Every structure is written in structure tokens, then in C-alpha cells.
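Residues per chain, in single letters:
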Amino acid sequence: MRIIILIVFFLYNCSVDDNKISKVDEYSKKGILLLGNGTEPSGIDPHIVTGVPEHKILLALLEGLVIFNPQDNGVLPGVASNWEISEDGLEYTFTFNKNARWTNGDNVLPSDFEYSWKRILSSELGAQYADMLYVIKNAENFHKGKINNFSEVGVSSIGNKLKVVLENPTPYFLNILTHYATWPVHPDTVEKHGGMLSRSNQWTKKENFVGNGPFVLESWEINKSLKVKRNELYWGNSKNKINGIEFIPIDNELTQDRLFRSGGIHLANTVPTEKIKGYRENRPDVLFEHNYFGTYYYRINTTKYPLNNISFRKALSLSIDRELLIKSILKGNQIASYSFTPPNPQGYDPKTQLEFNPKKAKLLLDNSGYDTESPPIELLYNTSEGHQKIAQAIQEMWKKYLGLNIVLTNVDWKVYLSRETQGEYDISRAGWIGDYPDPFTFLDMMVTDRGNNKTGWSSKEYDKFLKLASSKINNDSRYKLYEQAEKILIEELPIIPIYTYTRTYLLSQKVKNWQKNILDTNPYQFLSLE
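These numbers were taken from a predicted model, which means no experiment stands behind them.

On to the confidence of the model for the protein. Summing up the model confidence of the protein, the mean pLDDT is 94 and the portion of residues at 70 or higher is 96%. Low pLDDT, under 50, characterises residues 1-18; the stretch is placed with zero contacts to residues that sit more than four places away or in other chains.

This is the structure in C-alpha cells:
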């Protein structure tokens, strides 16, 4: 009798487990997305943050003049309902949507953008993305203190319109406006909680936050989750089928994978490399793989010995077996880099090369005059199994082919960003995802004193090619100049490109209207849950 009871009890428990509703099932019915978002965000101030995890969150909370179109990499109306471009391509006039509101009920005004762009261009704020707006007339001069009157910058309000005057015709200007650095902040809120120029401003706290995006900040528990809910004042609500989003920071790839498989999240933003093959064979319905406009590279601090020597940097690059890394570690259809800029869908394909040649590397190392008794060289990376595996493999290659003593240092995202910004590193793991689909988004980063350069490297000739390219409308003309600049970059190697990204992630079939695109951007108001 006891055996029968135990069997019945066992069967009952199995049936309960089988019928248990997962969190994904439960939240899908509520219209709430559960997103694995990598690391804990460093913040949500659009004029200060610089990372992809932050971008994913800001996409819900704020909106610019235009919205990224996930179907064709173009733009759609955002705060601006329409716009006009002058025949010479220098003037853009944006007419504002009269229904665009801040979450406190205020209208979104052209003057809000004037304030916001003055804020990010004020050097006192220390915004790393200020150069995003350099295409605007006198924006660079204002940021660098060459002029002090912001009225001389090419942005002005005329009633319900915002007029923007550019330095040169810029075919990708509308694409630039899809980047969060160009999005507005609510002036009165920023002033109330610290002022325009304060980096420690408290306006981004949950109780203070005022945004204009399709969602409202609901809660933020550090290292646990950031939740947003539907913004009932959003002008585009008639098309928004999502009621809320929970962004969950998960550094550990295996933990995120287990959470996805157990029905805990709709999206796992990475896949452990050892599991990719299994998903391809057994669950291709949830495995997403597609081209990504990004480069994984190592940033070099060219102000430090021996990294200030070009021959030494070349030796480092020549002793990296990129193909082996891809085949044995990455396993996600990545492409070995031969340039900093990935091949562009519009036809940019530089003829630079990054070969694997250990013999040549050793000769260059010997010619560099490197002192083998020098202290170890530090390789810095942020917490991630993927970054660690790559760092360990390259550490081994540099030891095997060059005899170098490399020390690996693993830190969290915020410490990593701070150390890079302060130049407190030797070699640093880095990745750059294009902010818009044009090579300029990569190459401009390495211009002298750009906020995201962070290498100490400078080349007048390189800067000249980029400045000249920015004045060209024709793609062929620009691409020729880009390639000249690219050759200088690959010749001097202040950065060492390793591979071109592909996006590999897991997505629940309950998420509908998700688009594969090279920027991996899907505005949430276009999605739905089944």
C-alpha cells in the first residue's frame, strides 16, 4: 500500500511540474517583455553613458527626432512628424509632433533639443559622445571652447520647428539622430536635480525621471532588474502592444542560458559558445544569427612603453591567429578582421590586411628594442566568459610566439569603463557597434581627442582624410577617403581589430515582429507578444 501511495504521489508531482506555467508564459499574457541585458547599466543619462546595455534601456525611455526603422536601417518619424531638407543638403527643418509629451505632461518642444544639445556639447559635462553632433555648424567649435555663444551653433527654434544647419552635407545625418546621444532630456527636471553640467545629477533616479519615450521608468534594483511600464502619454500608443519590459542584468552566459531554457526570459542576449552547435541542430527556432555592424578589438594605450612603439604593436597583431580563435573559441560565424570598419552593406570594403605571421612578428619585436626584463603587460577586460576565453587564448599566443608576459585583469562594467576613460590600462578589450550604417561611425572615433578614442593616438594625416571625407556627398568619393584613413589606422595599430561581430542570441517564439538588422536595434513599440 505504501508503494502505491508513493507512486501516486510521484505521478501527481510530475503532472504539477509539467503543467507549471513559466514566467515567460505568464508575462507574455500580461504583455511584458523579459530581456537578458548583459551587464548592469552604468547609468541612464543619454548624454553620459556609452554602452550597448544602456542603449537597450534608453530605447524604451526616450525618443529623438526620428526613430530607427528596424526593417530597412532607415528612419521613421519620432518627435518630429516630418522634416524638410534644403537642396544643398545643409539645412534640416523638423516639424514637431503636437502630441509628443514628456511623462509629466509637458509638450516636447524644439527648445528642449536646443537645451539638450547645448548640454552634451558643453565641455564641462565631459560627454564622450559630444562629437556625434560635430556635423552641426560650429558644434565642434563650441565644444572645444573656440566660441562661447551657443546661438552661433547651427540649431534654433522657430515656433513648432527646429532648424539645424550642418557644416557640410551629411547624407547620414538622419541616421545620426537615431543615436541616444542626440536625444532630449527634460530641461526643468535636469535643472532641478543638479543642473545642466552636473555628471552626478539626480534626475535619472526613479522618483525624478521624466522621459518622452514609449515607456516610463517603474523601478530599478541594482544588479537585479530595471522595469519600465507603458507610457500612457506616448503619442504612438495606438501601435504599441507592449505593456512593460523588465531588463535583467546577467553577466554569466551559462546562467542566462539556463534562465532562457527554463522560461525565465524572452531574450538571452548571448549564447555560450559551446552550446551554439546544439541549438543549431536541435532548437534552430530560437537561435538567431545574423550580420552585425561591429568589430571586436583590443585598444592599445599608445602613451605607455612598450606600446608606444609601432613595431611592438605590429608584432602583437601579427601573432594573433584570428581564424583559430573563430573556429575553436567563438564558433558563431564571426569573420576575421582585416580592417577596423566591417564590410558595409552600401559597398565599403577596404583592401587592408591583418595577417597571422609569427616569424615576422618576432622580427618586429626584436627590432622594437623591447626589454625582456620589463614588467608584465596588463590586458584588461570586463566580466564575461567570452572575453575571458579570448583573452586567455591571445595571452597564450603572445607567450608562445613572442615570449611576452601578459597579466589578465577582469573587472566589472563600471570599473572597466572608468579605467579606459582615465587611461589606466595597457591593453583593453573593446567592441564598437556602429551607431548608424556608415563607415564614418567607426573611423571618426579615432580622430585626435575624440571622446571614444581613449588610446592617446593621434595622426594629422588621418584626421585630414576624415575631415575631407565629411564634406563629400557621393559615397564613392567618401569611401576612397575612408580607405586612405583606414590604411593609416592599420599601419599604426593604436587598436588591434580581431573579428567582425555576428549577433548570436536566443529569442522566444512568443516575441513577434522582431527584425534581424545590422545594428541589432528593435524599437519595442513595434513588437508584440503571443
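This part is about the environment of Pro350. When you line up the elements, Pro350 lands in the loop between strand 13 (335-336) and helix 12 (358-367). Take Pro350: its relative accessible area is 2%, and that puts it in the buried class. The spacing of Pro350 and Lys487 is 137 residues in sequence and 8.4 Å in space, taken between C-alpha atoms. Apart from the residues within four sequence positions on either side, Pro350 is in contact with Tyr338, Ser339, Thr341, Glu483 and Glu486.

Relative to each other, helix 8 (residues 253-261) and helix 9 (residues 273-282) sit at 30 degrees, their axes nearing to 11 Å. The pairing of helix 8 with helix 9 is recorded here as roughly parallel in orientation. Remark: the crossing between helix 8 and helix 9 carries left-handed chirality. Residues Leu254, Asp257 and Arg261 of helix 8 form the contact with helix 9, whose own contacting residues are Glu274, Lys275 and Tyr279. For the contact of helix 8 with helix 9, a count of residues per class yields two nonpolar, no polar and four charged.

This brings us to empty space enclosed by the protein. For the coordinates displayed, the defined rule picks out two cavities of 30 Å³ or more. Looking at the second largest cavity, the residues that line it are Asn37, Glu40, Pro41, Ile57, Trp220, Ser225, Leu226, Phe247, Ile248 and Pro249. Elements supplying a minimum of two residues to the lining of the second largest cavity: strand 9 (225-230) and strand 10 (244-248). Each residue belonging to the lining of the second largest cavity can be placed in one class, and the counts come to seven nonpolar, two polar and one charged.

So, about the side chain of Arg503. Among the secondary structure elements, Arg503 is positioned in strand 17 (residues 495-507). Here Asp520 takes part through its side chain, which lies 2.7 Å from a polar atom of the side chain of Arg503. Setting aside residues up to four positions removed in sequence, Arg503 forms contacts with Asn269, Phe288, Glu289, His290, Tyr292 and Asp520.

Turning next to the pairing of strand 4 (residues 80-85). Judged from the five bridges that link them, strand 4 and strand 5 (residues 91-96) form a sheet pairing that is antiparallel. Bridging across to strand 5, Ala80 finds its partner in Phe96. Where strand 4 folds back on strand 5, the antiparallel hairpin that results is connected by five residues, among which Gly89 adopts a positive phi of roughly 75 degrees.

Spatially, the four strands line up as an open sheet ordered 4-5-7-6, and their pairing is antiparallel. Each end of this open sheet is capped by a strand with a single partner; those strands are strand 4 and strand 6 (155-158). The sheet shows a mean angle of 20 degrees between the axes of neighbouring strands, direction not considered.

Looking now at unusual backbone geometry. Look at the link from Tyr305 to Pro306: it is a cis peptide, with omega at 0 degrees. Structurally, Pro306 can be placed in the loop between strand 12 (287-300) and helix 10 (310-318). The phi angle at Asn513 is positive, at roughly 70 degrees, despite the residue not being glycine. With a phi close to 50 degrees, Asp520 is a non-glycine residue in the positive phi region. If you trace the backbone, Asp520 turns up in the loop between strand 18 (511-512) and strand 19 (528-529). Exposure remark for Asp520: the relative accessible area of 5% places this residue in the buried category.

A separate point is the pattern of salt bridges. Counting across every chain of the model gives 24 salt bridges. The partner of Lys389 in a salt bridge is Glu274, and the shortest N-O contact between them spans 3.1 Å. On the criterion of sequence distance, the pair formed by Lys389 in helix 13 (residues 385-402) and Glu274 in helix 9 is long-range, its members being 115 residues apart. On the accessibility criterion, Glu274 (44% relative accessible area) is partly exposed. A salt bridge links Asp285 to Arg283; the shortest N-O distance between them is 3.1 Å.

The rules we used
Residues numbered from 1 in each chain as written. Predicted model: local features only at pLDDT ≥ 70, side-chain atom pairs only at ≥ 80, totals over all residues. Heavy atoms only, no water. pLDDT = per-residue confidence, 0-100. Contact = heavy atoms within 4.5 Å. Helix = DSSP H or I, 4+ residues; strand = E, 2+ residues; numbered from the N terminus. Buried < 20%, exposed > 50% of the residue type's maximum accessible area, 1.4 Å probe, protein only. Axes fitted to C-alpha atoms, helices over the stretch in contact; angles between N-to-C directions. Parallel < 35°, antiparallel > 145°, perpendicular 65-115°, else oblique. Left-handed = near helix turned anticlockwise from the far one by under 90°. Nonpolar A, V, L, I, M, F, W, Y, C, P; charged D, E, K, R; others polar. 1 Å grid on protein atoms, 1.4 Å probe; cavity = no way out; pocket = protein on both sides within 12 Å on 5 of 7 lines; lining within 4 Å. Points joined across faces, edges and corners; volume = space filled by probe spheres on them. Polar contact = N/O pair within 3.5 Å; in protein donor to acceptor, adjacent residues only side chain to side chain. Pairing = 2+ DSSP bridges. Salt bridge = Lys/Arg side-chain N within 4 Å of Asp/Glu carboxyl O.

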